[in-house]
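Summary of structural features
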Amino acid sequence: MPLALFRPRPYLHQAHYEGVLGTTLTLQVRAQSPRQARAAEAASLAEIERLEHIFSSFSPDSELARWQAQGIAQLSPELHALLHAAEGWMAYTHGAFNPAAAAIQALYRQNPKPTEDELEALRQALKGPLWRLEGRVAHKLTALPLTLNALAKGHIADRAAQAAVAQGAEEVLLNLGGEIRHIGSQPVRVGVADPLDVADNAPPLARLSVCNQGVATSGRSQRGAHLFDPRTARPATQMVQATVLAPDAATADVLATAFCVLEPMLSLALAEVFGVGCLLVEANGRTHTNPRFAQQRTEVIR
């Protein structure tokens, strides 16, 4: 009688880091051996570090910072692609995503009650254009500082998870400061925090079954500060949190940011256009969701 051959059970490796991109990183990797799992972890960390040197808004040595200081530069393929994607997302979200939006917070930090003239000047500056791409050469056209954080962090989560798979991981679940990326054949459960219940032991607002997808949540509870609408240069007060479930973390990241300032019905319409699920929470406690999100919701908590 021939011997039955059984495939070895995958090895589960878990890691937790503080201070990665200024936030926390948790990583779960399934591989055929501890050696493969550690190689996948190392590849993921190396990819995060590599992309941080390109996209960081905090390091004066990043490619993004050097380009802004120079005003014109030939860009790496990675930064060029992200700027091109950002142009599209600014248009798709009707200006709710804006890489110059940090200027609004800076204005209110200097003057909690800015004048209408100050607001109008900032609104016009935010309308851009912010840069111009000519092939791989980028011209910065605004004096406002630019940050791609609302798109770059999700993109880095995607690339880091893919790097782990390229090193032999069979399944990856990566959480980079709330930007979640899963790659694998078996669904995993992901909880969505309730922004209106800040207790440490508060139950999640919802739980999702996620498979080969990205999830991102944006809102006041994550940022610890007010939200601002780039279209008006004023605080955005209607929404308190937005969660997006998408094919990748970059899409989830940028749309979660935009949905925090857009009107809920417009967010729901855009969610259908882009084929993503969303859960929106207004400051008055009212929630909105769409069928795609509901399909992967494992239970209703509230």
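As a reminder, the structure under discussion sits directly above these lines.
All of the points below concern the structure found in this document. Only a predicted model underlies this, so the values are computations on that prediction, with no experimental measurement involved.

Things to note about the overall build of the chain
Along its length, the chain carries ten helices and 16 strands. At 20 Å, the chain has a C-alpha radius of gyration in line with the 19 Å of a compact globule built from 302 residues. When the backbone C-alpha atoms are referred to their principal axes, the chain occupies close to 85 × 50 × 35 Å. A sequence separation of at least 24 residues applies to 61% of the contacts in the chain between residues at least 6 apart. Element-wise, carbon and sulfur atoms account for 54% of the exposed surface of the chain, whose accessible area totals about 14800 Å².

Comments concerning the sheet that holds strand β13 (residues 239–246)
Strands sit in the order β1-β2-β6-β7-β10-β13-β14-β15 across an open sheet of eight strands; the sheet is antiparallel. Bordering the open sheet on either side are β1 (11–20) and β15 (287–289), each of which pairs with just one other strand. The average angle at which neighbouring strand axes cross in this sheet is 10°, direction not considered. Summarising the sheet, strand β14 (residues 277–282) and β15 pair through three bridges and their orientation is antiparallel. If you follow Leu280 over to β15, its bridge partner there is His288. The sheet strands contacting helix α9 (residues 264–274) are β13, β14 and β15, and the helix crosses β14 at an angle near 170°.

Remarks on helix α5 (residues 116–126)
Inspection of α5 places Leu119, Leu122, Arg123 and Leu126 among the buried residues, and these make up the whole buried set. The buried residues of α5 occupy an angular sector of 105° when the element is viewed end-on, so they sit on one face. Where α5 is buried, its residues touch α4 (102–110) and β12 (234–235). Positive phi shows up at Gly128, right after α5, with a value of about 75°.

The rules we used
Residues numbered from 1 in each chain as written. Predicted model: local features only at pLDDT ≥ 70, side-chain atom pairs only at ≥ 80, totals over all residues. Heavy atoms only, no water. Helix = DSSP H or I, 4+ residues; strand = E, 2+ residues; numbered from the N terminus. Rg over C-alpha atoms; globule rule 2.2 N^0.38 Å. Contact = heavy atoms within 4.5 Å. Areas by Shrake-Rupley, 256 points an atom, 1.4 Å probe, with all protein chains shown as cover. Pairing = 2+ DSSP bridges. Axes fitted to C-alpha atoms, helices over the stretch in contact; angles between N-to-C directions. Buried < 20%, exposed > 50% of the residue type's maximum accessible area, 1.4 Å probe, protein only. Arc of directions from axis to C-beta.

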